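# Structural overview
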Amino acid sequence: MEQQKLTVGEIAKELGVSKTTVSRAISGKGRVSPETRERVAEFIQSAGYAAAGAASPLSPRRTNNLALVIPSHFVRLDLPFLRKCMGGVCRMAAQRGYDLLLCYADERDTAQLRRQLAARKVDGVILSRTLVNDPCLELVRQYAAPCVGIGRLADETALQVDNDQVGAARELTTRLLQMGLRRIALLSGRLNYTVNVDRLAGFRQALAACGAAEEPGLIFTGVESEDGRVDALEAALEQRPEAILCCDDSLAFSLLKDLRARGVDVPGQLRLASLYDSEILQDAVPPITAVQFDAETLGATACRMLLDAMAGKHIPPRQVLGYQVILRESTK
């Protein structure tokens, strides 16, 4: 690509516009519609180039910026995982001379990421959460932008780093079953996130391996709001579970408060555990059993993988990090 030349005239011919229009779109000077400017930028990006000057051939350039894509609804949440993961990404990026541009996106709105890619503001993209059908991943492919996902991606050849979510859920569920607990309710977020899909898979694997029957009435997915949490808890309690396993720390902590308000003693009447650990669970009363991951290392590893790949280094496309199950008073 570095040996190829792409001229203003060639761009004009491909897009069916004048050379003057292309020059104005590239330089940002002169009158040209936003739509045409974006068309030119998208064409240049798809060819792997950025504008070096209106009158000269185009050549690749670096911005030394990375886009960190965060789901839009995370803005309303206080998530220790995301803060630590971002810290790891920032630390690694700074060590390698890169800065981060935050980008909010969801399944329906990827406009901000598209603008960053079309304007060639970033050299690579980091997805902080991976979706089953991820429009952000499709978008970066359209622009041929380097990308890494924090979580599992369906494409095994794509760059990705994750903790062993299936193994962690399987081990913690197995520990609960070994305590003699058989009626375990699982509360999870939406299954469009691969992390929740994997945790549900690990939960089911543990039930099957221990000969415990899976009860659909004790599995609740799509729990994303306060109302959804309250409804799921009430439905779960009607089934008289012996334990509740939550897919994240915020949900587990909120459920502990809900149970206390209902006069349900943890762990006396009901055991409670989480598939992600944080300070809020360690300081809860009682402290909550959880799976511990190193979110900062996860973020740093993702950033390092992306930058190494951008530098032309050959690296395994998927890396899986470990975990530790921490047993606390909430399951004793």
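This report concerns the structure included in the present document. Values in this document were obtained by computation on a predicted structure and should not be read as measured data.

Before going further, it helps to examine the pattern of salt bridges. Applying the stated rule across the entire model yields 16 salt bridges. Residue Arg 152 is joined to Asp 198 by a salt bridge in which the shortest nitrogen-to-oxygen separation is 2.9 Å. Separated by 46 residues along the polypeptide, Arg 152 in the loop between strand 4 (147-150) and strand 5 (160-163) and Asp 198 in helix 8 (residues 194-209) bring together distant segments of the chain. Arg 152 sits in the partly exposed class, given a relative accessible area of 25%. Asp 198 sits in the buried class, given a relative accessible area of 8%. For Lys 313, the salt bridge goes to Asp 308, with nearest N and O atoms at 3.7 Å. It is possible to trace a salt-bridge network through shared partners that takes in Arg 96, Asp 308 and Lys 313.

Quick look at unusual backbone geometry now. Leaving glycine aside, a negative phi is the common case for residues, and trans is the common case for peptide bonds. Residue Pro 267 follows Val 266 across a cis peptide bond; omega there is 10°. Relative to the elements of secondary structure, Pro 267 occurs in the loop between helix 10 (249-261) and strand 9 (271-274). Cis rather than trans, the peptide bond between Val 285 and Pro 286 has omega equal to 0°. Along the chain, the position of Pro 286 falls in the loop between helix 11 (279-282) and strand 10 (289-292). With a phi angle near 60°, Asn 64 is a residue other than glycine that sits in the positive phi range. Mapped onto the elements of the fold, Asn 64 is located in the loop between helix 3 (34-46) and strand 1 (65-71).

Considering all chains together, one arrives at 2 cavities of 30 Å³ or more under this definition. Lining the largest cavity are Val 69, Pro 71, Ala 105, Asp 106, Glu 107, Leu 127, Arg 129, Thr 130, Leu 131, Asp 134, Cys 136 and Tyr 193. Across the lining of the largest cavity, the residue classes break down as 7 nonpolar, 1 polar and 4 charged. As for the second largest cavity, its lining consists of Arg 182, Ile 184, Phe 203, Leu 207, Ala 213, Glu 214, Glu 215, Leu 218 and Ile 219. Residues belonging to the lining of the second largest cavity are distributed by class as follows: 6 nonpolar, no polar and 3 charged.

So, about the packing of helix 5 (residues 111-118) against helix 6 (residues 135-142). The geometry of helix 5 relative to helix 6 is characterised by a closest axis approach of 10 Å and an angle of 15° between their N-to-C directions. Classified by the angle between their axes, helix 5 and helix 6 sit roughly parallel to one another. Along this stretch, helix 5 crosses helix 6, giving a crossing that reads as right-handed. Within the contact between the two elements, helix 5 uses Leu 113, Arg 114 and Leu 117 and helix 6 uses Cys 136, Leu 139, Val 140 and Gln 142.

Attention now goes to the state of the cysteines. Evaluation of the coordinates by the stated rule reveals 0 disulfides. For the unlinked cysteine Cys 136, the closest cysteine sulfur is that of Cys 103, found at 6.7 Å. Relative accessible area serves as the criterion here: at 5%, Cys 136 is assigned to the buried category. The cysteine Cys 303 is free of any disulfide, with Cys 90 supplying the nearest cysteine sulfur at 8.5 Å. The buried category is assigned to Cys 303, whose relative accessible area is 0%.

About the cut-offs
- Residues numbered from 1 in each chain as written.
- Predicted model: local features only at pLDDT ≥ 70, side-chain atom pairs only at ≥ 80, totals over all residues.
- Heavy atoms only, no water.
- Salt bridge = Lys/Arg side-chain N within 4 Å of Asp/Glu carboxyl O.
- Helix = DSSP H or I, 4+ residues; strand = E, 2+ residues; numbered from the N terminus.
- Buried < 20%, exposed > 50% of the residue type's maximum accessible area, 1.4 Å probe, protein only.
- 1 Å grid on protein atoms, 1.4 Å probe; cavity = no way out; pocket = protein on both sides within 12 Å on 5 of 7 lines; lining within 4 Å.
- Points joined across faces, edges and corners; volume = space filled by probe spheres on them.
- Nonpolar A, V, L, I, M, F, W, Y, C, P; charged D, E, K, R; others polar.
- Axes fitted to C-alpha atoms, helices over the stretch in contact; angles between N-to-C directions.
- Parallel < 35°, antiparallel > 145°, perpendicular 65-115°, else oblique.
- Left-handed = near helix turned anticlockwise from the far one by under 90°.
- Contact = heavy atoms within 4.5 Å.
- Disulfide = S-S within 2.5 Å.

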